[in-house]
There are 2 protein chains.
Amino acid sequence: MKKNIRPEIPRKAIYRLSLYLRCLLRLKNNSIRTVSSEALAKAAGVKSTQLRKDLTYFGQFGTRGLGYDVDQLAHMISDLLGTNSLQPVVLIGVGNLGLALLSYKGFAAEGFEIVGAFDIDPKRRRDKTIATPLYDMSQLESVIQARMVKMAILTVPAAAAQEVANRLVAVGITGILNFSPIVLTVPEDVIVNSVNLAIELENLSYFVQH
Amino acid sequence: MKKNIRPEIPRKAIYRLSLYLRCLLRLKNNSIRTVSSEALAKAAGVKSTQLRKDLTYFGQFGTRGLGYDVDQLAHMISDLLGTNSLQPVVLIGVGNLGLALLSYKGFAAEGFEIVGAFDIDPKRRRDKTIATPLYDMSQLESVIQARMVKMAILTVPAAAAQEVANRLVAVGITGILNFSPIVLTVPEDVIVNSVNLAIELENLSYFVQH
């Protein structure tokens, strides 16, 4: 396999680039066309030395004394993150959380399209209408292959999560946003980002009381 | 101010305790009454040395060779996290994500009750019915004080987040689950846990493509 020439960017730096991008888009909405590294760093809550270091991944960039071109920098980050074009995502597990996420319009706004949702019982009555096509789990592999999906949102119960993750990995998914409260075992070239809303609240709960 | 005698537990350890609790509750549901530290560690995806270290916060515990009593350990962790009794939480910002979270039943299942949701325009038409009482922002302070709320879920747009956070802190909120894509500035005794779903997907997006 040929190595990419661009140095690999650490995961934390990618998170910060996402933050910079959001700040830049806000500036753009306010018709601000250039921004200093100090101002952008402050908006993102990082040190300006950190910001400048993160932006060196794009090579030499920005004009001393003039700051960064907001539009150009936003575009470069967006390109790197791969969110300039709409990316297909599947969601597996249409329970309460899955339903909530399907009704969240923020993903589309950020360049992600949930092309299909999967459930062991797609005909189950739900108190909400879903615009996303709803499939039976048996169709998981065929839909992922047909739509060339690389990313999946996993909202199945803990007991089913590893088994579903195995199927996802086997059919070529390389990024999983995991909402199940278990630690998934996946091959090294698959990235799992875990989010557990109840655990975040529990964590706060401890600190609020102690 | 009197110092708590119990040593302060690091935030990462609190996250792991939450994970252990979930594993224990699954075992309990399957009528399993004792568990070895190795089995529990494996289920939680940590090393058993880590698990044993985390459980020393509870003092000497467990019987060598017999493992942990599932029910007792679950209860002790739950006590520590403060989730044995229902805890009141407020949610601020009833946009798409706020609505999605209000319809998520997982919080209640974990011991959190959203006692009120706040919006600058509570009369705005929404395509969904909300069971949670919906208030105008002007009632924020009075509801929080009346219900003795300590935790808030923040789902307002980025531009409003810091201002709302200031009001929350001023009225006594000490834990904020922040979904706004900005870094909040709060006093040292206030804990902010940030979750940004779109950023998590963007982060995956980068790694999926590189």
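Residues take numbers from 1 onward in each chain, read along the sequence in its written order. Going through the entries in the order they are written, you letter the chains from A and number the ligands from 1. Local features in a predicted model are, by the rule used here, given only for residues with pLDDT of at least 70; side-chain atom pairs are given and counted only at 80 or more, and totals for whole chains, interfaces and linings are based on all residues. Side-chain measures here rest on the full set of heavy atoms in the structure, leaving out hydrogens and waters.

## Structural notes on the environment of B:L24
Residue and element names in this part refer to chain B. Here L24 lies in helix α1 (residues 11–29). The spacing of L24 and S36 is 12 residues in sequence and 11 Å in space, taken between C-alpha atoms. Whether two residues are in contact is decided by their heavy atoms, any of which lying within 4.5 Å being enough. With residues near it in sequence (within four places) discarded, L24 still touches V35, L40, V70, L73, A74 and I77. Numbering of helices and strands runs from the N terminus, with a helix taken as a DSSP run of H or I at least four residues long and a strand as a DSSP run of E at least two residues long.

## Focus: the side chain of A:Q87
Following the sequence through the fold, A:Q87 ends up in strand β3 (residues 87–92). Here A:G82 takes part through its backbone oxygen, which lies 2.6 Å from a polar atom of the side chain of A:Q87. Apart from the residues within four sequence positions on either side, A:Q87 is in contact with A:L81, A:G82, A:G111, A:F112, A:E113, A:M151, B:S205 and B:Q209. As used in this structure description, the phrase polar contact means that two N or O atoms lie within 3.5 Å; if the pair is within protein, one of them must be able to donate a hydrogen and the other to accept it, and residues adjacent in sequence are counted only when both atoms belong to side chains.

## Quick word on the interface of chain B and chain A
Taken together, the contact pairs 60 residues of chain B with 60 residues of chain A. Using a 1.4 Å probe, buried area is obtained as the accessible area two parts lose upon being combined, added over both of them. Approximately 5800 Å² of surface area, both sides summed, lies buried where chain B meets chain A, with 67% of it carried by carbon and sulfur atoms. Area buried by chain B at its contact with chain A is led by B:L201, B:E202 and B:Y206, which between them contribute 12% of it. Salt bridge, as used here, is a side-chain nitrogen of Lys or Arg placed within 4 Å of a carboxyl oxygen of Asp or Glu. Along the contact surface separating chain B from chain A lie 2 salt bridges. A salt bridge links B:E202 to A:R22, with the nearest nitrogen and oxygen atoms 3.1 Å apart. Summed over the shared surface of chain B and chain A, the result is 16 residue pairs in polar contact (both at pLDDT 80 or more). For the side of chain B that touches chain A, the element with the highest residue contribution is helix α9 (residues 197–209) of chain B, accounting for 13 residues. Under the scheme applied, nonpolar residues are Ala, Val, Leu, Ile, Met, Phe, Trp, Tyr, Cys and Pro; charged residues are Asp, Glu, Lys and Arg; polar residues are all the others, including Gly. Class assignment of the residues belonging to the side of chain B that touches chain A gives a composition of 33 nonpolar, 16 polar and 11 charged.

## Looking at the pairing of strand β4 (residues 112–119) of chain A
Look at any regular strand and the pattern is simple: side chains alternate between the two faces of the sheet. Residues and elements named next belong to chain A. Most of β4 sits out of view: 7 of its 8 residues are buried. Where β3 meets β4, 6 bridges bridge the pair, whose relative direction is parallel. Counterpart to L91 in the pairing with β4 is A117. Strands are labelled as partners when DSSP assigns at least two bridges between them. In terms of strand pairing, β4 meets strand β5 (residues 134–136) through 3 bridges, oriented parallel. Among the inter-strand pairings, F118 is bridged to a residue of β5, identified as Y135. Think of it in three bands: with a 1.4 Å probe and only protein chains considered, a residue is buried below 20% of the maximum accessible area for its type, exposed above 50%, and partly exposed in between.

## Notes on the packing of helix α1 (residues 11–29) of chain A against helix α4 (residues 70–81) of chain A
Residue and element names in this part refer to chain A. To obtain each axis, a line is fitted to C-alpha atoms, and for helices this fit is confined to the stretch in contact; angles are then taken between N-to-C directions over 0 to 180 degrees. Contact pair α1 / α4: the axes reach a minimum separation of 9 Å and the direction vectors enclose 145°. In terms of crossing hand, the pair formed by α1 and α4 is left-handed. Contact residues: I14, L17, S18, Y20, L21, L24, L25, L27 and K28 in α1; V70, D71, L73, A74, I77, S78, L80 and L81 in α4. Here the contact of α1 with α4 is composed, by residue class, of 13 nonpolar, 2 polar and 2 charged. Take the far helix as the reference: if the near one is turned anticlockwise from it by less than a right angle, the crossing is left-handed, and if turned clockwise, right-handed.

## Section: the domain arrangement of chain A
Taken as a whole, chain A is organised into domain 1 (11–80) and domain 2 (87–201). Once you take the C-alpha centre of each, domain 1 of chain A and domain 2 of chain A turn out to be 31 Å apart. Marked domain ranges trace back to an automatic or database domain assignment.

## Points about α4(A)
Residues and elements named next belong to chain A. Between its terminal C-alpha atoms α4 stretches 17 Å, which fits the 16 Å expected from 12 residues at 1.5 Å a residue. Listed in full, the buried residues belonging to α4 are V70, L73, A74, I77, S78, L80 and L81. Angularly, the buried residues of α4 cover 160° about the axis, an arc narrow enough to put them on a single face. For α4, the N-terminal cap is D69; the gap from its side-chain oxygen to the backbone nitrogen of D71 is 3.1 Å. Within two residues after α4, G82 carries a phi angle of roughly 75°, on the positive side. A helix is expected to span 1.5 Å multiplied by its residue count minus one. Summarising the geometry, the arc corresponds to the directions from the helix axis toward the C-beta atoms.

## Re the side chain of A:S18
Take A:S18: it is sitting in helix α1. For A:S18, a relative accessible area of 0% corresponds to the buried category. In contact with A:S18, other than residues within four places in its own chain, are A:L81, B:I199 and B:E202.

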